[in-house]
Amino acid sequence: MQENIIIADKRPTTQTASWQRQLSQAIRDPATLCQRLSLSDEWLPGAQTGHQLFDICVPDAYLSRITPGDPDDPLLRQVLPLDDEALTPHNYVTDPLEEADHQPAKGLIQKYAGRVLLIASPNCAINCRYCFRRHFPYGDNSPSKAQWQEALDYLRADTSIHEAILSGGDPLAANDRQLAWLVEQLESIPHLKRLRIHTRLPVVIPDRVDDALLGWLASTHLQKVVVLHINHANEIDQAVIDACSRLKQAGTTLLNQSVLLRGVNDDVATLAVLSERLFEADILPYYLHVLDPVQGAAHFDVPDKEARELVTELRDHLPGFLMPQLVREIPGKGSKTPL
Ligand SMILES: *Cc1c(COP(=O)(O)O)cnc(C)c1O
Ligand code: SF4
């Protein structure tokens, strides 16, 4: 017994920790982030400014894919706050998608025919600086079990809805007991065919794809689609490939959406390598979003004209099935709009 305890204590925490422990140990302050990545002090004031507008959150599993000492690292750019976040260009707003207007029930957003979005968790495992939800009033949108009934009743009553999309935040930031319960409720709605999950967690903390998650995911009779969010090939390490393979074995279709981001993936070679790398992980590229004009993210913007040129050139480098669709979300439209 004694011996076992000693052995357990000596194992590195990253191997024994559950995803929840990893998340609770994520870096959440500017000084630690700069120090852990050997960034010079000149980055600290900007990081502090941005952090006050939208908290830093970077788990170790993601941090480990960032090259220390390189302020241009494409993964670092996604998580390090800059002074620029305090800029307020007039066309950048706090709710660019006007989602507040499309909530027939708490935690439920319906804008598109045949499918609804359920806010299954207000939390994320990482805070991406360009996030269009950085100002979203999440506190108001994390329903309790009782409150879920309203959303579920809405789904039951509308037989034109065939797909439930779990979104957030990040829906996989919810615990598996809650998710298993929600999926069980959804399964009992006869006209629902598909369960879609929009998540970045398997990329940020690959250990999230554990037996508890695979348990409810593999057992549902709904068809399953997991849409990951990966912007750069460096995000796909072996742990991510393994997590994707577990999701595949549970019977899911894996797709990816990216955001076109200045300084992260705004060149043809980077986008081509991303698509190739996605396919190595058994993921098909789905959407390439242009940035939503959310306040604090203007420095990531790539103008439409340049975005179109990039994608046109990308077509010369990739087979058709590895081409993402370049889209924008326009408030009031019944689907994403191809550019
Ligand atoms: C993007 C989105 C969807 C899903 O759209 P697809 O084109 O089917 O991927 C559904 N509802 C909302 C509110 C969305 O923003
Ligand atoms: S994981 Fe998705 S929802 Fe969460 S901060 Fe990043 S982009 Fe936004």
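Residues numbered from 1 in each chain as written. Chains lettered and ligands numbered in written order. Predicted model: local features only at pLDDT ≥ 70, side-chain atom pairs only at ≥ 80, totals over all residues. Heavy atoms only, no water.

**Remarks on the site of ligand 1**
The environment of ligand 1 is made up of Lys111, Tyr112, Arg115, Leu117, Ile165, Arg196, Tyr286, Tyr287, Glu329 and Lys336. A distance of 2.7 Å separates an oxygen atom of ligand 1 from a polar atom in the side chain of Arg115. For ligand 1, an oxygen atom lies 2.6 Å from a polar atom in the side chain of Tyr286. Considering ligand 1 on its own, with 380 Å² of exposed area, one finds that the protein chains cover 93% of that surface. (Near = heavy atom within 4 Å. Polar contact = N/O pair within 3.5 Å; in protein donor to acceptor, adjacent residues only side chain to side chain. Areas by Shrake-Rupley, 256 points an atom, 1.4 Å probe, with all protein chains shown as cover.)

**As for the state of the cysteines**
The final tally for this structure, using the stated rule, is zero disulfides. We note that Cys244 lacks a disulfide partner, and the nearest cysteine sulfur, in Cys128, lies 16 Å from it. Residue Cys244 is classed as buried on the basis of its relative accessible area, which comes to 1%. (Disulfide = S-S within 2.5 Å. Buried < 20%, exposed > 50% of the residue type's maximum accessible area, 1.4 Å probe, protein only.)

**Re the site of ligand 2**
By nearness alone, every residue bordering ligand 2 is listed as Cys124, Ile126, Cys128, Cys131, Gly169, Arg200 and His229. Of the residues assigned to the shell around ligand 2, the class counts are four nonpolar, two polar and one charged. (Nonpolar A, V, L, I, M, F, W, Y, C, P; charged D, E, K, R; others polar.)

**Things to note about the domain arrangement of the chain**
Its domain assignment divides the chain into domain 1 (19–86) and domain 2 (99–338). A separation of 23 Å is found between the C-alpha centroids of domain 1 and domain 2. Facing 26 residues of domain 1, the contacting portion of domain 2 comprises 34 residues. A combined buried area of about 2,500 Å² lies between domain 1 and domain 2, and 57% of that area is made up of carbon and sulfur atoms. Looking only at domain 1, the three residues that lose the most surface to domain 2 are Trp19, Phe54 and Gln78, adding up to 33% of its buried area. Counting across the interface, domain 1 meets domain 2 through three salt bridges. Between Arg129 and Glu85 there is a salt bridge whose closest N-O contact spans 2.9 Å. (Domains from an automatic or database assignment. Contact = heavy atoms within 4.5 Å. Buried area = accessible area lost by both parts, 1.4 Å probe. Salt bridge = Lys/Arg side-chain N within 4 Å of Asp/Glu carboxyl O.)

**Structural notes on helix H13 (residues 268–280)**
Given a rise of 1.5 Å per residue, 13 residues ought to cover 18 Å, and the 19 Å separating the end C-alpha atoms of H13 matches this to within 8%. Regarding H13, the residues found buried are Val268, Thr270, Leu271, Ala272, Leu274, Ser275 and Leu278. Residues of H13 that are buried in the fold lie against strand S6 (252–259), strand S7 (284–289) and helix H14 (304–314). Two or three places before Ala269, at the start of H13, stands the capping residue Asp267, its side-chain oxygen 3.3 Å from that residue's backbone nitrogen. Count one or two residues on from H13 and you reach Asp282, which has phi positive near 70°. (Helix = DSSP H or I, 4+ residues; strand = E, 2+ residues; numbered from the N terminus. Expected span 1.5 Å × (residues − 1).)

**Comments concerning the sheet that holds strand S8 (residues 325–328)**
As a general point, the strands of a sheet are linked pairwise by backbone hydrogen bonds and lie either parallel or antiparallel. If you walk across this open sheet you meet the nine strands as S1-S2-S3-S4-S5-S6-S7-S8-S9, and the pairing is mixed. Whereas interior strands pair on both sides, the edge strands pair on one side only; in this sheet they are strand S1 (108–112) and strand S9 (337–338). Examined bridge by bridge, S7 and S8 share three bridges and lie parallel to one another. By the bridge assignment for S8, Tyr287 is matched with Gln325. Most of the contacts of H13 go to S7, to which it runs at about 145°, and overall it touches S6 and S7. (Pairing = 2+ DSSP bridges. Axes fitted to C-alpha atoms, helices over the stretch in contact; angles between N-to-C directions.)

**Details of the packing of H13 against H14**
As a packed pair, H13 and H14 sit with axes 9 Å apart at the nearest point and diverge in direction by 55°. One finds that H13 runs oblique with respect to H14. In this structure, the crossing between H13 and H14 has a hand that is right-handed. Seen from H13, the contacting residues are Val268, Leu271 and Ala272; seen from H14, they are Leu310, Glu313 and Leu314. Partitioned by chemical class, the residues of the contact of H13 with H14 number five nonpolar, no polar and one charged. (Parallel < 35°, antiparallel > 145°, perpendicular 65-115°, else oblique. Left-handed = near helix turned anticlockwise from the far one by under 90°.)

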